[in-house]
Amino acid sequence: MALYLSKPSYRCKPVRSIAALARALNFEEQALRVVAENADQRYRTVAPPPGSSRQTFDALGQLKEIHRRIKTTFFDRVKFPDYLHGSLKGCDYVTNAQLHTKKQLLICEDVKKFFPSVTSEKVEDVWCAFFGFAPEVAHLLASLTTKQGALPQGAVTSSYLANLVLWRDEPLLHAKLAARGITYSRYVDDIAMSFSIRPSKETQTWVIAQVYGMLRKNGLTAGRSKHEIFSASEPMIATKLIVNSKPSLSQKKRSQVRAQVRQLEMAQSSGLDSEMVRVLAEQAAQKVGQLGRFHPTQAARLKGRVKAVRLGLPIESFSSRVTNSTGVSNPSPSEDLRLPWE
């Protein structure tokens, strides 16, 4: 049986020199080299979300601007296949989960320490072999898009490189599974495979072996502690969403949002400083907004309660608005690639 390979593709003219790269990025060549030489020192550490141990980073100054230009100049011109959903336009953890609704069996795998395992050599290979850039260009771009020899989670360019690191072997895996009627998708380091008809144990073992083999071939390891198999007779969970019928939040997650709104109301009634209440209200509003994507009726009631708290706060002073806009009082959200519920 002939297999149809759905590959990422880049059809623009390759960059053959550092001078050409500087022109493409509209950045002075010498400045580009200087930033690349000390790129490791041009990141700040971002505090992980509660309950997460993942180390995330945010690029600073010129490096961050270079990352933005790399994204718009190169990554925005890559055509990504439909099975990739990590931080791509029109794709997220919800679209990933939607692929696996109304199935009979779901297998989920996690890539262990994915970002630290994507070395600068792998990133350089993407720039050289996938994009077709000259070796010196690929080496410079790898220096600009890695930190201490690995892919920094949180950087603007990292999600795109994470999607491309398996570009040689992932299309074949996807095609082999599709030929058997198996749906495959990847959301950053979360891999999911679902079956419309319940497969035999032998088929399940074969599918898992195919995934593990692809990862090993690329110097990556499956997080066996996060290996999960779900049957349609129980809640089936892909990227933290229940997918038995349509993507939805678990009862536990919904309860957490309701509890956060209650805590907000208690904070206001206890006489907590109004600026702190304002921060809590913003956090609660974000969670309620996320809840509304899946459960609009429940979210509507909670939204009204958050609004009532906000209406009870004194009008925010101009100095407070300035402080908040600079991120001093309110911590700025990280560019973490994980789910908003972690």
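Structure: above.
Residues numbered from 1 in each chain as written. Predicted model: local features only at pLDDT ≥ 70, side-chain atom pairs only at ≥ 80, totals over all residues. Heavy atoms only, no water.

**Considering the environment of K89**
- Structurally, K89 can be placed in the loop between β4 (78-79) and α4 (93-98).
- Its relative accessible area of 86% is what places K89 among the exposed residues.
- Taking the C-alpha atoms as reference points, K89 and D76, 13 residues apart in sequence, are found 9.1 Å from one another. (Helix = DSSP H or I, 4+ residues; strand = E, 2+ residues; numbered from the N terminus. Buried < 20%, exposed > 50% of the residue type's maximum accessible area, 1.4 Å probe, protein only.)

**Brief notes about the packing of helix α6 (residues 120-130) against helix α7 (residues 135-145)**
- Taken N-terminus to C-terminus, the directions of α6 and α7 make an angle of 135°; their axes are 8 Å apart at the nearest point. The angle between α6 and α7 falls in the class oblique. You can see that α6 and α7 cross each other, and the crossing is right-handed. Residue-level inspection shows S120, V123, E124, W127 and C128 of α6 in contact with α7, the latter providing P135, A138, H139, L141, A142 and T145.
- Considered class by class, the residues forming the contact of α6 with α7 number 7 nonpolar, 3 polar and 1 charged. (Axes fitted to C-alpha atoms, helices over the stretch in contact; angles between N-to-C directions. Parallel < 35°, antiparallel > 145°, perpendicular 65-115°, else oblique. Left-handed = near helix turned anticlockwise from the far one by under 90°. Contact = heavy atoms within 4.5 Å. Nonpolar A, V, L, I, M, F, W, Y, C, P; charged D, E, K, R; others polar.)

**As for the sheet that holds strand β6 (residues 182-187)**
- Overall, antiparallel pairing links the 4 strands, which are arranged β6-β7-β5-β8 in an open sheet. In this open sheet, the two strands that pair with only one neighbour each are β6 and β8 (228-231). Across this sheet, the average inter-strand angle for adjacent strands is 15°, counted without regard to direction.
- Taken together, the 6 bridges between strand β5 (residues 105-110) and strand β7 (residues 190-195) define a ladder with antiparallel strand orientation. From the neighbouring strand, I107 faces β7, where its bridge partner is M193.
- Sitting on the sheet, helix α9 (residues 170-178) is in contact with β6 and β7, with an inclination near 150° to β6.
- Helix-sheet contacts for helix α10 (residues 201-217) involve β5, β6, β7 and β8, and the interaxial angle to β7 is about 155°. (Pairing = 2+ DSSP bridges.)

**Considerations on the packing of helix α11 (residues 251-269) against helix α13 (residues 296-311)**
- Direction vectors running N to C along α11 and α13 enclose 15°, while the axes themselves pass 10 Å from each other. Classified by the angle between their axes, α11 and α13 sit roughly parallel to one another. For the pair α11 and α13, the sense of crossing is left-handed. Note on element contacts: α13 touches α11 through Q298, L302, R305, V306 and V309, opposite R254, V257, R258, V261, R262, L264, E265 and Q268.
- Grouping the amino acids of the contact of α11 with α13 by side-chain chemistry returns 6 nonpolar, 2 polar and 5 charged.

**Brief notes about the packing of aromatic side chains**
- Enumeration over the complete set of coordinates arrives at 17 aromatic pairs.
- An angle of 5° between the planes, with centres 5.1 Å apart, marks the rings of F75 and Y160 as stacked. Taken together, the residues F75 in the loop between α3 (61-73) and β4 and Y160 in helix α8 (residues 158-164) connect sequence positions 85 residues apart. No difference in accessibility class separates F75 from Y160, as the two residues are buried.
- With a centroid separation of 6.3 Å and 45° between ring planes, the pair formed by F80 and Y160 is classed as tilted. Of the two residues, F80 sits in the loop between β4 and α4 while Y160 sits in helix α8, which places them 80 residues apart along the sequence.
- You can call Y160 buried: its relative accessible area is 9%.
- A network of ring pairs unites the aromatic residues Y10, F74, F75, F80, W127, F130, F131, F133, Y160 and W167 as a single cluster.
- Above the face of the W206 ring, R180 is positioned so that its terminal group lies 3.8 Å from the ring centre. (Phe/Tyr/Trp six-rings, centres within 6.5 Å; stacked < 30°, edge-to-face > 60°. Lys NZ or Arg CZ within 6 Å of the ring centre and 35° of its normal.)

**Quick word on the nonpolar core**
- With 96 residues, the main nonpolar core has F74, W127 and F131 as its most contacted residues.
- Leave out the neighbours within four places in its chain, and F74 touches Y10, V15, L21, A24, L25, W127, F131 and F133. (Core = buried A, V, L, I, M, F, W, Y, C linked by side-chain atoms within 4.5 Å.)

**Quick notes on helix α1 (residues 18-25)**
- Restricting attention to buried positions, one finds in α1 the residues I18, A20, L21, A22 and L25.
- Contacts made by the buried residues of α1 are with α2 (29-37), α3 and α7.

**With respect to a nonpolar patch on the surface**
- The grouping of L3, L5 and L172 at the surface amounts to a nonpolar patch, some 220 Å² of accessible area in total.
- Inspection of the secondary structure assignment puts L5 in the segment before β1 (9-10).
- Judged by relative accessible area, which is 32%, L5 ranks as partly exposed. (Patch = residues over 30% accessible without salt bridge, like charges linked within 9 Å, V, L, I, M, F, W, Y side chains within 5 Å. Areas by Shrake-Rupley, 256 points an atom, 1.4 Å probe, with all protein chains shown as cover. Salt bridge = Lys/Arg side-chain N within 4 Å of Asp/Glu carboxyl O.)

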